[in-house]
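One-letter residues, chain by chain:
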Amino acid sequence: MAPTVSSTGFDADIVIAGGGHVGLSLALALRQALPHLSVVVVDLASPSSKPNDTRASAIAAAGQRMLDRLGVWSAIATDAQPINEMVITDSRIGDAVRPVFLTFDGTTAGRRPFAHMVMNAAMNAALHDGAEAAGADIIAPGRVTGFEVGPAGVDVTLGDGRRLGARLLVAADGVRSRLRDLAGIGTVHWSYNQSGIVATIAHERPHHGRAVEHFLPAGPFAILPLTGNRSSLVWTERRVTAERLLADDDLFRLELAQRFGHQLGSVEPLGPAWAFPLGLTLARSFVKPRFALAGDAAHGIHPIAGQGLNLGYRDVAALAETIVEAERTGLDIGSVAVLERYERWRRFDTVEMGVVTDVLNRLFSNDNPAIRLIRDVGLGVVDRLPGLKRLFIREAAGAGGELPRLLRGEAI
């Protein structure tokens, strides 16, 4: 599709590289708030290639409010499973009993679920349809291969040789962002020598909306409820072990059953399992002239707290509000002075979550007896402090800090 020329004479006001959840929701938010803005989304994958994605994501209550305000939650809700309860255990794989050290009621102060589990394919389809209906131009499959920044705009080069002049380029192209590297933005990065295995499974008995996180010596093994008698697994393993498991279906099923336990009856994988390397990646800056990072391109964290996508939705809400307010007051949306407001808004929250997930992973991904005793005592103390538990649920629901309007369920 040929992009609509912007009112300023550029081929587009904003080009977004990456048509995942972050890129599409940003395009939708901008087009709804400022219909005169020309927004182009460039994505590697065509929409028809995404329905086979069997992965799922946890959407915090704040993210759900944003998706509802953007008008796409109704298309997702039928396949969204609320998390009604969270249970945390700490044990070894061979333990006959897995004592529960901590439980959370899965509702916020307003008696709403603090999070929902949503299939990625359903969420991506709803956001794609919403962005397209709002008038965003979506080029897929396509790729941004380079860009040159000038004083008044950015010249974006696509993989097919086309060049688009724009006022702003947003990189939402993932944790290994090529555009971040081309922009000369460095990262703080280290590897955990772990892989995250994700899979969807069927089980005999209903889960009743209960999420379970088993802290095992190699890392957390999370069972997250989906609609029906299904659950999503986020299984942390040492990298060499993960490779061995995914190479042998029989071994994978055996080890899965051993870790999963018998509380929901027999289990059966639905579709393929996926594995991705785990590490901490934080961009040293989020913006440059006419360039901004969003989502995993700005930060990649451990999935131990289930906050990766929710951090991305916070980026979307903050960046959209920053752009919209600048445009309405006649400011240059691609100027560093404008974009630095977005960076200030998101920087502390991102670093804080990166540190928290790093500490949690180091604390719980080991079998040191002294550390096990300390963390189990700590979990038991937290379980006896209702006020502290409510604070944790509030943070998990995305209600902490200075929330942008979309995350409060308000229009920009």
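Attention in this report is confined to the structure presented alongside it.

What counts and what doesn't
Per-chain numbering applies: the sequence of each chain, read as written, is numbered from 1 onward. Predicted model: local features are reported for residues with pLDDT of at least 70 only, side-chain atom pairs are reported and counted for 80 or more only, and whole-chain, interface and lining totals are derived from all residues. Derived side-chain values reflect all non-hydrogen atoms in the structure, with water molecules and hydrogen atoms excluded from consideration. When two rings of Phe, Tyr or Trp (its six-membered ring) have centres within 6.5 Å they constitute a pair, described as stacked for plane angles under 30 degrees, edge-to-face for angles over 60, and tilted for the intermediate range. Numbering of helices and strands starts at the N terminus; helices are DSSP runs of H or I of at least 4 residues and strands are runs of E of at least 2. Only protein chains enter the accessibility calculation, which uses a 1.4 Å probe; a residue whose area is less than 20% of its type maximum is buried, one above 50% is exposed, and one in between is partly exposed. For a ring to carry a charge above it, either NZ of a lysine or CZ of an arginine must fall within 6 Å of the ring centroid while also lying within 35 degrees of the normal to the ring plane. Multiplying 1.5 Å by the residue count of a helix minus one yields the expected span of that helix. Within this analysis, the arc is defined by the directions that extend from the helix axis to the C-beta atoms. Just to be clear on terms, a salt bridge is a Lys or Arg side-chain nitrogen sitting within 4 Å of an Asp or Glu carboxyl oxygen. The criterion for strand pairing is that DSSP finds at least two bridges linking the strands in question. Two residues qualify as a contact provided that any one of their heavy atoms is within 4.5 Å of a heavy atom in the partner residue. Every angle, taken between N-to-C directions, lies between 0 and 180 degrees, and every axis is a line fitted to C-alpha atoms, over only the stretch in contact when it is a helix. Within this scheme, the nonpolar core is defined by two criteria: the residues are buried Ala, Val, Leu, Ile, Met, Phe, Trp, Tyr or Cys, and they are joined through side-chain atoms within 4.5 Å. Any angle that falls under 35 degrees is termed roughly parallel, while one over 145 is termed roughly antiparallel, one within 65 to 115 roughly perpendicular, and all others oblique. Definitions for this section: a left-handed crossing has its near helix turned counterclockwise from the far helix by less than a right angle. A right-handed crossing has that turn clockwise. Amino acids outside the nonpolar list (Ala, Val, Leu, Ile, Met, Phe, Trp, Tyr, Cys, Pro) and the charged list (Asp, Glu, Lys, Arg) are all regarded as polar, and Gly is one of them.

Looking at the packing of aromatic side chains
No. 1: A full pass over the atoms with the stated rule returns five aromatic pairs.
No. 2: With a centroid separation of 5.4 Å and 70° between ring planes, the pair formed by Phe 221 and Trp 235 is classed as edge-to-face. On the criterion of sequence distance, the pair formed by Phe 221 in strand 14 (residues 219-226) and Trp 235 in strand 15 (residues 230-238) is long-range, its members being 14 residues apart. Like Trp 235, Phe 221 is buried.
No. 3: Cation over ring: Arg 55 sits above Trp 274, and NZ or CZ is 4.6 Å from the ring centre.

Let's talk about helix 10 (residues 369-383)
No. 1: With 15 residues, helix 10 should reach 21 Å at 1.5 Å per residue; the first-to-last C-alpha distance of 21 Å fits that figure.
No. 2: Taken together, the buried positions of helix 10 are Arg 372, Arg 375, Asp 376, Leu 379, Gly 380 and Val 382. Buried residues of helix 10, seen end-on, are gathered within an arc of 160° and therefore sit on one face of the element. Across helix 10 from its buried face, at more than 90 degrees, point the exposed residues Leu 373 and Ile 374.

Concerning the pattern of salt bridges
No. 1: Taken as a whole and assessed by the stated rule, the structure comprises 18 salt bridges.
No. 2: Here the salt bridges do not stand alone but share partners, grouping Arg 314, Asp 315, Arg 346 and Asp 349 into one network.

Considering the pairing of strand 2 (residues 39-42)
No. 1: Side chains Val 39 and Val 41 of strand 2 all project onto a buried face; the interleaved residues Val 40 and Val 42 project onto the opposite face, where all are buried too.
No. 2: Note: strand 1 (residues 12-17) against strand 2, four bridges, orientation parallel. Following the sheet pairing, Ile 14 is matched in strand 2 by Val 39.
No. 3: Pairing of strand 2 with strand 8 (residues 137-139) involves three bridges; the strand directions are parallel. From the neighbouring strand, Val 40 faces strand 8, where its bridge partner is Asp 137.

Some words on the sheet that holds strand 12 (residues 187-203)
No. 1: An order of 6-5-13-14-15-12-16-19 is seen for the eight strands of this open sheet, with the pairing classed as mixed. Either end of the sheet is taken by a strand with one partner, and the two such strands are strand 6 (100-105) and strand 19 (299-300).
No. 2: When strand 16 (residues 267-283) meets strand 19, the two strands line up antiparallel, connected through two bridges. For Thr 281, the partnering residue across the bridge sits in strand 19 and is Gly 300.
No. 3: This element, helix 10, spans strand 5 (85-90) and strand 6 of the sheet and lies at about 35° to strand 6.

Here's the deal with the nonpolar core
No. 1: Counting 79 residues, the largest nonpolar core has Ile 14, Val 15, Ile 16, Leu 67, Met 123 and Phe 291 as the members making the most contacts within it.
No. 2: If one sorts the elements of this core by residue count, helix 8 (residues 308-328) sits on top with ten residues.
No. 3: Non-local contacts of Val 15, meaning those with residues more than four positions away in its chain, are made with Val 40, Val 42, Val 156, Leu 164, Ala 166, Leu 168, Leu 169 and Val 170.
No. 4: Listed in part, the 24 residues of the second largest apolar core include Ile 83, Met 86, Leu 102 and Ala 222.

What about the sheet that holds strand 4 (residues 80-82)?
No. 1: Pairing in this open sheet of three strands is antiparallel, and the strands run 3-7-4 from one edge to the other. Only two strands of the sheet have a single neighbouring strand rather than two, namely strand 3 (56-60) and strand 4. When the angles between neighbouring strand axes are averaged without regard to direction, this sheet yields 30°.
No. 2: Two elements, strand 3 and strand 7 (residues 115-119), share five bridges in a ladder whose sense is antiparallel. Residue pairing for strand 7: Ala 56 is matched across the bridge by Met 119.
No. 3: Across the sheet, helix 4 (residues 120-133) lies against strand 3 and strand 7, angled at about 85° from strand 7, the strand it touches most.

Structural notes on the packing of helix 1 (residues 21-33) against helix 4
Any two packed helices are characterised by the angle at which their axes cross and by the distance between the axes.
No. 1: Running from amino to carboxyl end, helix 1 crosses helix 4 at an angle of 30°, the nearest separation of the two axes being 9 Å. The orientation of helix 1 with respect to helix 4, classified from their angle, is roughly parallel. As helix 1 packs across helix 4, the resulting crossing turns out to be left-handed. Between helix 1 and helix 4, the contacting residues are His 21, Leu 24, Ser 25, Ala 27 and Leu 28 on the first element and Asn 120, Met 123, Asn 124, Leu 127, His 128, Gly 130 and Ala 131 on the second.
No. 2: In the contact of helix 1 with helix 4, the residues fall into six nonpolar, six polar and no charged.

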